[in-house]
Amino acid sequence: MPLDRRAELGEFLRSRRARLRPEEFGLPDYGGRRRVPGLRREELAQLAGVSVDHYVRLEQGRTLHFSEAVLDAVARALRLNDVERQHLYRLARPWSEGDRADAPQQVRPGLRRLLDSAADVPAYIVGRNTDVLAWNRLAAALITDFGALPPAQRNLARLVFLDEGMRSLYADWPEKTRDVAAYLRLDAGRHPEDPETAALLDELSAASPEFRQAWAEHQLKDKTHGRYVYRHPVVGELDLGFETLRLPDDPDQALIAHTVEEGSPSQTALRLLASWAEETRPVT
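Every value quoted in this text rests on a predicted model; they were computed, and no experiment measured them.

(A) Layout of the overall build of the protein chain. A tally of regular secondary structure across the protein chain gives 13 helices and five strands. Seen through its C-alpha atoms, the protein chain measures out along the principal axes to roughly 70 × 45 × 35 Å. For the protein chain, the residues scored as buried account for 49% of the 284 residues in total. A separation of at least 24 residues holds for 57% of the contacts in the protein chain among residues at least 6 apart in sequence. In the structure as shown, the protein chain presents an accessible area of about 14400 Å², 51% of it carried by carbon and sulfur atoms. Computed over 40 positive and 45 negative side-chain charges, the inter-centroid distance for the protein chain is 5 Å.

(B) Spatial organisation of unusual backbone geometry. Phi is positive for Thr130, which is not a glycine, with a value near 65°. Of the residues examined, Thr130 reaches a relative accessible area of 2% and is grouped as buried. Unlike most non-glycine residues, His218 shows phi in positive territory, near 55°. Following the sequence through the fold, His218 ends up in the loop between helix H12 (209-216) and strand S3 (225-232). Given a relative accessible area of 9%, His218 falls into the buried group.

(C) Inspection of the pairing of strand S4 (residues 236-247) at higher detail. Note that S3 and S4 share eight bridges and pair antiparallel. Within S4, the position partnered with His225 by the bridge is Glu243. With antiparallel pairing between neighbouring strands as the criterion, S3 and S4 make up a hairpin whose turn holds three residues. In this structure, S4 lies alongside strand S5 (residues 250-259), joined through seven bridges in antiparallel fashion. Bridge pairing links Phe242 to His258 in S5. Taking the residues between adjacent antiparallel strands as the criterion, S4 and S5 are bridged by two residues.

(D) Geometry of the packing of helix H11 (residues 195-207) against H12. In the contact formed by H11 and H12, the axes pass within 5 Å of each other and the chain directions differ by 120°. Contact with H11, carried on its side by Leu201, Leu204, Ser205, Ala206 and Ala207, involves Pro209, Phe211, Arg212 and Trp215 of H12 and no other residues of that element.

(E) View of the packing of aromatic side chains. Following the criterion strictly, the structure yields six aromatic pairs and no others. On the numbers, 5.2 Å between centres and 85° between planes, the contact of Phe161 with Phe211 is edge-to-face. Highlighted residues: Phe161 in helix H8 (residues 156-162) and Phe211 in helix H12, separated in sequence by 50 residues. The same class applies to Phe161 and to Phe211, which are both buried. Summarising the aromatic geometry, the rings of Tyr228 and Phe242 are spaced 5.6 Å apart at their centres and angled 10° between planes, so their arrangement reads as stacked. Of this pair, Tyr228 sits in strand S3 while Phe242 sits in strand S4, and the two are 14 residues apart along the sequence. Taken individually, Tyr228 and Phe242 each receive the classification buried, so the pair is uniform in this respect. Cluster of aromatic residues (ring-pair linked, three or more members): Tyr170, Tyr228, Tyr230 and Phe242.

(F) Here's a closer look at the side chain of Thr130. Tracing the backbone shows Thr130 in the loop between strand S1 (123-126) and strand S2 (132-135). When neighbours within four sequence positions are excluded, Thr130 is seen to be in contact with Arg154, Asn155, Leu156, Ala157, Tyr183 and Leu184.

(G) Representation of the nonpolar core. Counting residues in hydrophobic clusters, the biggest one holds 39 residues, and the most contacted among them are Tyr124, Leu184, Tyr230 and Leu238. Those residues in contact with Tyr124, other than ones at most four positions away along the chain, are Leu115, Val132, Ala134, Trp135, Ala139, Ile143, Leu156, Ala254, Leu255, Ile256 and His258. Among the nonpolar cores identified, the runner-up in size contains 27 residues, and Leu13, Ala45, Val70 and Leu80 belong to it.

(H) Summary view of the sheet that holds S2. Taken in spatial order, the five strands line up as S2-S1-S5-S4-S3 in an open sheet, and their pairing is antiparallel. Lying at the two open borders of the sheet, with one neighbouring strand each, are S2 and S3. Taking each pair of neighbouring strands and ignoring which way they run, the sheet shows an average axis angle of 25°. Bridge count between S1 and S5: four bridges; the pairing is antiparallel. Note on S5: the bridge partner recorded for Tyr124 is Ile256. Packed on one face of the sheet, helix H13 (residues 265-279) meets S3 and S4 and runs near 80° to S4.

Thresholds applied
Residues numbered from 1 in each chain as written. Predicted model: local features only at pLDDT ≥ 70, side-chain atom pairs only at ≥ 80, totals over all residues. Heavy atoms only, no water. Helix = DSSP H or I, 4+ residues; strand = E, 2+ residues; numbered from the N terminus. Buried < 20%, exposed > 50% of the residue type's maximum accessible area, 1.4 Å probe, protein only. Contact = heavy atoms within 4.5 Å. Areas by Shrake-Rupley, 256 points an atom, 1.4 Å probe, with all protein chains shown as cover. Lys, Arg positive; Asp, Glu negative; His and termini not counted. Charge placed at Lys NZ, Arg CZ, Asp CG, Glu CD. Pairing = 2+ DSSP bridges. Axes fitted to C-alpha atoms, helices over the stretch in contact; angles between N-to-C directions. Phe/Tyr/Trp six-rings, centres within 6.5 Å; stacked < 30°, edge-to-face > 60°. Core = buried A, V, L, I, M, F, W, Y, C linked by side-chain atoms within 4.5 Å.

All we've got here are geometric facts, nothing functional implied.
Here is the structure:
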């Protein structure tokens with residue numbers, strides 16, 4: 001089944017209400033005897049300057065035809081960041097053809113050549129639902145041999161949550177799981193009608209208690225930049241940054257390239273990894 005936008009909208013708003021403390025707004029906490037964490041609906045409506053009924057209809061998803069002014073007011077009251085604000089707008093506005101994701105994802109030949117030319121850094125392209133669409137040799141050496149996997153298994157969320165090797169590859173695997181779940185939730189909000197999204201969420205929910213826990217946190221995170229520490233079985237520890245370039249003509253595709261500090265032990269390890277990848281390259 002496609003993502004239930006009304007249910008997702010309600011859960012998102014409740015999760016953001018729950019993280020706000022009454023004392024932050026000068027509201028009484030009634031001696032800690034609140035039945036719900038965070039702000040009540042009535043309090044949030046008052047802070048947003050909308051009627052309680054109006055806010056309740058929004059949180060219950062009774063309609064997806066709220067004005068931009070109402071959504072702006074609720075976003076301000078909930079103290080949403082830019083990523084969360086855009087997620088709210090996508091969930092609370094009428095569905096459009098842009099939400100559909102029927103066409104197969106294709107990577108332009110020029111982008112594949114760009115990946116191959118970046119021989120000294122791991123780089124890959126992620127599409128909808130965290131599908132890995134293309135990669136260079138160093139990315140395969142660092143993360144996994146994507147080419148040896150069936151196309152349906154070339155998916156970061158499946159790998160991170162269901163592949164035992166990923167637990168040891170990432171020094172902070174729990175952090176990686178939270179990041180992937182937060183990115184996947186953001187992506188699901190972009191295409192709530194995509195049946196492949198629903199199938200992936202069902203699969204992960206059934207197979208991974210870690211995914212169920214991370215998904216229940218309702219976090220949102222775009223893949224922009226950051227760093228991860230890898231514990232590679234061949235070359236040891238690598239502390240690598242990453243930068244993300246989202247394609248202007250296809251925002252569902254993002255090119256992710258790792259970076260390394262000049263002269264660092266991680267740069268030496270990355271060069272060793274590149275040599276190892278070249279030595280183990282299949283003869284054609």
